[in-house]
Amino acid sequence: MTSQVFPSYNQENENIKTDNGSLIISKIQNLRQQPSDSGPLTNPPSLINQRFTTQSQTEVEEDLNSFVHLTIILVAIQSGNFSIGYSLSYLSMSFTTLFSQITLKGSEIEEQGLFSAVLSIGQLIGAFATKPLLKYTTRNQSLLIADMFGVLSILQVIPNREVILAFRFCYGLCLGISTTIMAVYVKEICPEKYYEKFSVLASFLIAGGLFFVNFMGLGYINSDLRGENSYYWQIIFAIPALLHFLRSFIITVIYQIDSPDSLIEMNKPQSAKKILMKIYKPQFVDQIFFKCQQRVQNNDEQIEGIMNLFTKKHLKTVLIGCLLAFISTWCGLFALYSYCSQIFEIISDGDFTLNTLFILILGIVQLIPAFISKFVYRKIGNRSLLLYGLFLLIICQILIIGLSYSETLEASIVSFIIICFFSFLFALTLGPITFSMTPEINTSEGTYFCFVTLYLWQLIMLYIFPFMLDAIQISGAFIVFAILTFLSTIFFYFYVKETKGLNHDEIERLYGKL
């Protein structure tokens, strides 16, 4: 998959500053000012406001206590993206060994669909639950709840059909909650000058998780590690639980960090300041605290409600976001990652060693765009990159369709090379654009809605793709994917606007919201 950019607050600098660069001080008087923490604020509000105005005019740049500690915290928060990448194919490569050790209650194709889909069911429910959850918990508390489900998922290693399904569902809940929170959490505690660097880390971690699990799949080449007497699949299934335990241990136990914004929302300003003092040098704490207050207020003012998404003002951008979520799932790459072992088994004509090597190479290819995407986005606008990417993806889909009718080894190798290029293009264009353009053009509610639909599309894909593969083969499946990609390209050509170099208000005006 790709970079996860899910900010609730877009272009907050524009909301904090007027045209001449001075901070908007008057609005802060309306912020909730009844702290539940004991003890007075460090400075009276009037003195803080005066200091902030002076600092903003002279463009004082905040200084950190330790960049190393900040990096560890932000990487730990975003390590859930590694888990997302890991989740894409850990089951696919283990189907044969797993199914030889449990009692199935349907055909193998039906059971593959069920075992795959139950993860997305959990993700969908987790994503739905996150919004009400955040009303009563801080960012870190919500992430801790997600990690509790992630740790419970270690019970997937019990070789029982119902137990595996139940705790794979728990793993899905963990991913659904975690995905929705991570980028917001990072946005709220990361200094602005470092945000771009740390936000693109998400795509690297997702690709890293996919590569790591594909590398673990090399173990299945050893015949002793697959089959009825193998315990290797249990090691693979247990790794996500360890990852989520480590994340909570680092963030909650070692650093005791949380989002200052969420603490302010809960009327705990002193706790918010304590968090900021762990990150910034003392002389900058009041300055950053005010910015957090202003962000919270601006976010409260911008909340319009889910039903307003279907009004004329928001409908176009919501449709764009939902279609991006749809086609990023239904262009074929999500099925390819989730059922890579089954697809490559067909392409490699049952050669298990070649199949495993194909999976590993695909993981390596997926890593490359994470290193270069940042430089590409600086030169090419999102609209151009999206349309060029979709056009090239369609060409790859057509080539995969044509080569699927040949059973020669040469055709298999060429088909695999095209699949790798297909994966590379997706990770460079459509994948990250889905997660950057959607929040860029939508409100926080619109972004939330679009990404909930993403899990719905993934759920449908995971369940029906084994049946598609059995009924219409790879060629038929990619014909469906190509048609859907072509229709989506036409829609994007007419309705997506170029936003390169535009600020938040200009984007709103471009889409007729102002």
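Residues numbered from 1 in each chain as written. Predicted model: local features only at pLDDT ≥ 70, side-chain atom pairs only at ≥ 80, totals over all residues. Heavy atoms only, no water.

**Looking at the overall build of the protein chain**
The following threshold applies: The secondary structure listing takes helices from DSSP runs of H or I that are at least 4 residues long and strands from runs of E that are at least 2 residues long, numbered from the N terminus. Contact criterion: two residues are considered in contact whenever any of their non-hydrogen atoms come within 4.5 Å of each other. Shrake-Rupley sampling with a 1.4 Å probe provides the accessible areas, and residues are treated as covered by the protein chains on show and by no other component.
Within the protein chain, the regular secondary structure consists of 22 helices and zero strands. Considering only contacts in the protein chain between residues 6 or more positions apart, those separated by 24 or more positions represent 83%. If you sum the accessible surface of the protein chain, you get close to 21200 Å²; carbon and sulfur atoms cover 64% of it.

**Some words on the packing of helix α19 (residues 409-428) against helix α20 (residues 430-441)**
How we decide: Note on geometry: axes are C-alpha line fits, over the in-contact stretch for helices, and angles between N-to-C directions span 0 to 180 degrees. In these notes the angle categories are as follows: under 35 degrees is roughly parallel, over 145 is roughly antiparallel, 65 to 115 is roughly perpendicular, and the rest is oblique. The nonpolar class holds Ala, Val, Leu, Ile, Met, Phe, Trp, Tyr, Cys and Pro. Asp, Glu, Lys and Arg form the charged class, and all remaining residues, Gly among them, are polar.
The interhelical angle for the contact between α19 and α20, taken along N-to-C directions, is 20°, at an axis separation of 3 Å. Between α19 and α20, the angle is such that the two are roughly parallel. Along its contact with α19, which presents L425, F426, A427 and L428, the element α20 presents L430, G431 and P432. Among the residues making up the contact of α19 with α20, the classes are represented as six nonpolar, one polar and no charged.

**Details of the nonpolar core**
What counts, and what does not: The term nonpolar core refers to a set of buried residues drawn from Ala, Val, Leu, Ile, Met, Phe, Trp, Tyr and Cys, joined through side-chain atoms within 4.5 Å. Three exposure classes are used, based on accessible area relative to the maximum for each residue type with a 1.4 Å probe and protein chains only: buried under 20%, partly exposed in between, and exposed over 50%.
Of all hydrophobic cores here, the largest spans 127 residues; its most connected members are I77, F344, F465 and F492. Ranked by the residues each element gives to this core, the list is headed by helix α21 (residues 444-495), at 15 residues. Excluding residues that lie within four positions of it along the chain, I77 makes contacts with L143, M182, Y185, V186, I189, R247 and I251.

**Describing helix α18 (residues 382-403)**
Quick reminder of the rule: Take the residue count of a helix, subtract one, and multiply by 1.5 Å to get its expected span.
Look at α18: 31 Å from first C-alpha to last across 22 residues, which is about the 32 Å you get at 1.5 Å a residue. Buried within α18 we find N382, L385, L386, L387, G389, L390, L393, I394, C396, Q397, I400 and I401.

**Observations regarding the packing of aromatic side chains**
Worth spelling out the cut-off: We call Phe, Tyr and Trp rings a pair once their centres come within 6.5 Å, taking the six-membered ring for Trp, and we label the pair stacked below 30 degrees between planes, edge-to-face above 60, and tilted otherwise. Each ring is checked for a lysine NZ or an arginine CZ that lies within 6 Å of its centre and within 35 degrees of its normal; such an atom marks a charge sitting over the ring.
Counting across every chain of the model gives 25 aromatic pairs. Where F478 meets F481, the ring centres are 5.3 Å apart and the plane angle is 85°; that geometry is what we call edge-to-face. Of the two residues, F478 and F481 are both situated in helix α21; the distance of three residues between them amounts to about one turn of the helix. Since its relative accessible area comes to 4%, F478 is described here as buried. Within the aromatic cluster, the residues linked to one another by ring pairs are F326, W330, Y339, F422, W457, F465, F478 and F481. If you follow R226 out to its NZ or CZ, it ends over the ring of F352, 4.2 Å from the centre.

**Some thoughts on the state of the cysteines**
So the rule is basically this: By definition, disulfides here are pairs of cysteine sulfur atoms that lie within 2.5 Å.
In this structure the tally under the stated criterion is zero disulfides. Here C322 is not cross-linked by a disulfide; its sulfur's nearest cysteine counterpart is in C450, at 3.9 Å. By relative accessible area, C322 is classed as buried at 14%.

**A few points about the pattern of salt bridges**
The line we're drawing: The salt bridge definition used is simple: a Lys or Arg side-chain nitrogen within 4 Å of an Asp or Glu carboxyl oxygen.
Counting across every chain of the model gives seven salt bridges. Linking R161 and E111 is a salt bridge whose minimum nitrogen-to-oxygen distance equals 2.6 Å. Here the residue R161 occupies a position in helix α7 (residues 161-189), and E111 occupies one in helix α5 (residues 108-136), the gap between them amounting to 50 residues. Across the pair, E111 and R161 agree in class, each one buried. For K273, the salt bridge identified is with D286, shortest N-O distance 2.9 Å. Of this pair, K273 sits in helix α12 (residues 269-279) while D286 sits in helix α13 (residues 285-302); the two residues are 13 residues apart in sequence, bridging distant segments of the chain. Each of the two residues, K273 as well as D286, counts as buried.

**Examining the side chain of S328**
Relative to the elements of secondary structure, S328 occurs in helix α14 (residues 312-330). When residues no more than four places from it in sequence are discounted, the contact partners of S328 are F426, L430, T434 and L454.

**Regarding the confidence of the model for the protein chain**
Stated formally: One number per residue, pLDDT, summarises how confident the predictor is, and it ranges from 0 to 100.
Confidence along the protein chain averages 82 in pLDDT terms, with 85% of residues attaining 70 or more. A low-confidence stretch, residues 1-36 (pLDDT under 50), is modelled with 113 contacts involving residues beyond four sequence positions or located in other chains. Counting contacts from residues 38-59, a segment whose pLDDT is below 50, to residues more than four positions away or on other chains yields 32 contacts.

**Let's talk about the packing of α5 against helix α6 (residues 139-152)**
We apply this condition: Helix crossings are classified by the rotation of the near helix relative to the far one: an anticlockwise turn of less than a right angle makes the crossing left-handed, while a clockwise turn makes it right-handed.
Relative to each other, α5 and α6 sit at 130°, their axes nearing to 9 Å. Classified by the interaxial angle, the pair formed by α5 and α6 is oblique. In terms of crossing hand, the pair formed by α5 and α6 is right-handed. Of the residues in α6, those touching α5 at L133, L134 and Y136 are R139, Q141, S142 and I145. Within the contact of α5 with α6, the residues separate by chemical class into four nonpolar, two polar and one charged.

**Here we look at the side chain of R168**
This is how it is decided: Counted as positive: Lys and Arg. Counted as negative: Asp and Glu, with His and the chain ends omitted from the count.
One can find R168 in helix α7. This buried residue, R168, is left without a salt bridge; E111 holds the nearest opposite charge, at 12 Å.

**Structural notes on unusual backbone geometry**
At Q256, a position not held by glycine, the phi torsion is positive, near 50°. Tracing the backbone through its elements, the reader meets Q256 in the loop between α10 (232-254) and α11 (260-265). Located in the positive-phi region is Q473, a residue other than glycine, with phi close to 65°. Note that Q473 resides in helix α21.

**Brief notes about α7**
Because the α-helix completes a turn every 3.6 residues, residues three or four places apart line up on one side. Cut-off, in case you're wondering: Bend at a given residue is defined as the angle between two axes, one fitted to the seven residues that end at that position and one fitted to the seven that begin there.
The end-to-end C-alpha distance of α7 is 41 Å, a good match for the 42 Å that 29 residues give at a rise of 1.5 Å each. Maximal helix bending in α7 amounts to about 30°, located at I181. Counting buried positions along α7 gives 25 out of 29 residues, so the element sits mostly inside the fold.

**Regarding the environment of T329**
Which entries qualify depends on this criterion: Whenever two N or O atoms come within 3.5 Å, that pair is a polar contact, provided that in protein one can donate a hydrogen and the other can accept it, and provided that, for residues adjacent in sequence, both atoms are side-chain atoms.
Positionally, T329 belongs in helix α14. A sequence separation of 132 residues divides T329 from M461, and the C-alpha atoms of the two residues are 7.5 Å apart. Contact partners of T329, with chain neighbours within four places excluded, come to F334, L454, W457, Q458 and M461. At a separation of 3.2 Å, a polar atom in the side chain of T329 contacts the main-chain carbonyl oxygen of A325.

**Quick word on the environment of E188**
Within the secondary structure, E188 is located in helix α7. Of the residues examined, E188 reaches a relative accessible area of 3% and is grouped as buried. With 73 residues separating them in the primary sequence, E188 and D261 have C-alpha atoms 6.5 Å apart.

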